[in-house]
Amino acid sequence: MGWERQLLECIDISSPDVKSLALQLRKACLETGFFYVINHGIGEAFMEEVFNQTRKFFELPLEEKTKVLQDKRNRGYTPYSEEKLDPVKQIAGDSKEGYYIGREIPETDPRANEPYQGPNQWPSPELLPGWRQTMEKYFQEVENLSRRLIKLIAISLDLDKTFFDKPGMFDHPMALLRLLHYPAGVTNPEKGEFGAGAHSDYGMLTLLATDSVPGLQICKEKDAKKQVWEDVQPIKGAFIVNLGDMLERWTNNLYRSTLHRVLNHGEERYSIPFFMEPNFDCIVECLPTCCSPSNPPKYPPIKSGDHLTYRYQITHKGLDANAKESVPQPVH
């Protein structure tokens with residue numbers, strides 16, 4: 001399926017015409033807050049290996065997966081229904097299981113004491129040889145890509161391309177990779193059933209790799225009385241990128257953090273979002289090019305980490321791996 005018939009802008013990041021790319025990106029950020037990125041330099045064969053390794057983890061017995069249950073650093077396995085992204089409309093948690101991977105910070109590093117930082121949890125190399133190496137390599141490649149996009153976002157906002165490179169902004173980001181598996185059941189939104197409940201992302205930028213199975217939907221007008229949901233079709237080899245609440249806040253509501261959800265349609269689905277968030281102590285306040293005397297800042301400054309912590313507490317049952325009693329099974 002060609003991108004010309006798609007709902008979203010399709011940005012060829014390999015183009016040398018940075019000015020045109022920034023204009024196209026700005027259009028996407030103003031209209032939907034979602035866009036495709038193609039020709040990004042992460043090889044197709046490697047992406048297939050990442051998805052193969054993802055499937056291998058979720059195919060493990062539940063007993064093995066719960067050995068690396070999500071910890072206080074937000075690393076590790078999240079069972080079915082652990083997360084409820086739309087508490088108002090959902091009758092149960094999301095019909096998906098996941099696995100969080102962050103930047104690998106050894107315990108001996110002083111930064112490991114910071115919130116949401118430190119060493120990852122890894123499944124046994126005897127069970128999944130090469131799994132950690134594949135995920136660490138992918139993490140680095142997609143983080144590099146996100147930094148390229150952040151520079152383009154800065155240009156699109158009439159800022160210097162290095163604006164977000166300032167010390168204290170993204171030199172120690174709360175970046176997270178999340179592997180997701182949606183079971184082959186069917187969810188009914190009319191009954192409050194979702195693969196992932198309606199939500200906007202919390203941080204700066206999300207880069208989503210997905211398989212060929214559809215399920216993602218967006219709602220362009222999140223405050224409308226009657227919400228209209230539109231399907232976002234996967235494009236082979238492309239990332240689906242969306243903006244988060246922090247960037248909407250940074251831009252004084254100029255750029256959009258759009259509501260989205262996932263419905264399960266009876267076929268297994270795998271997706272891998274990468275969340276690029278600022279440093280925990282980064283102060284998010286209105287950018288200089290996004291306010292004026294006639295358009296003053298709509299939000300007070302806020303610490304990035306405080307914002308994320310608040311959102312996590314609302315949607316996750318808990319970030320403590322010590323609570324290992326009953327682990328829910330998928331909804332079929």
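Residues numbered from 1 in each chain as written. Predicted model: local features only at pLDDT ≥ 70, side-chain atom pairs only at ≥ 80, totals over all residues. Heavy atoms only, no water.

Draft legend 1. Region of the structure containing the sheet that holds strand S11 (residues 259-262). Spatial strand order, S6-S11-S8-S9: four strands in an open sheet with antiparallel pairing. Strand pairing shows two members of the sheet lacking a second neighbour, strand S6 (196-199) and strand S9 (230-231), which therefore form its edges. With two bridges connecting them, strand S8 (residues 216-219) and S9 associate as antiparallel partners. Bridging from a neighbouring strand, Gln217 pairs with Asp231 of S9. (Pairing = 2+ DSSP bridges. Helix = DSSP H or I, 4+ residues; strand = E, 2+ residues; numbered from the N terminus.)

Draft legend 2. Structural view of the sheet that holds strand S10 (residues 239-243). Ordered by their spatial adjacency, eight strands build an open sheet running S1-S2-S10-S7-S12-S5-S4-S3, and the pairing between neighbours is mixed. Each end of this open sheet is capped by a strand with a single partner; those strands are strand S1 (9-12) and strand S3 (76-78). Ignoring strand direction, the axes of neighbouring strands in this sheet form an average angle of 25 degrees. When S3 meets strand S4 (residues 97-102), the two strands line up antiparallel, connected through three bridges. Of the residues in S4, the one forming a bridge with Tyr77 is Tyr99. Along the sheet, helix H1 (residues 18-31) contacts S1, strand S2 (34-38) and S10; its crossing angle with S1, the most-contacted strand, is approximately 155 degrees. Its contacts with the sheet place helix H2 (residues 44-58) against S3, S4, strand S5 (176-182), strand S7 (205-210), S10 and strand S12 (269-276), and it is angled at close to 110 degrees to S12. (Axes fitted to C-alpha atoms, helices over the stretch in contact; angles between N-to-C directions. Contact = heavy atoms within 4.5 Å.)

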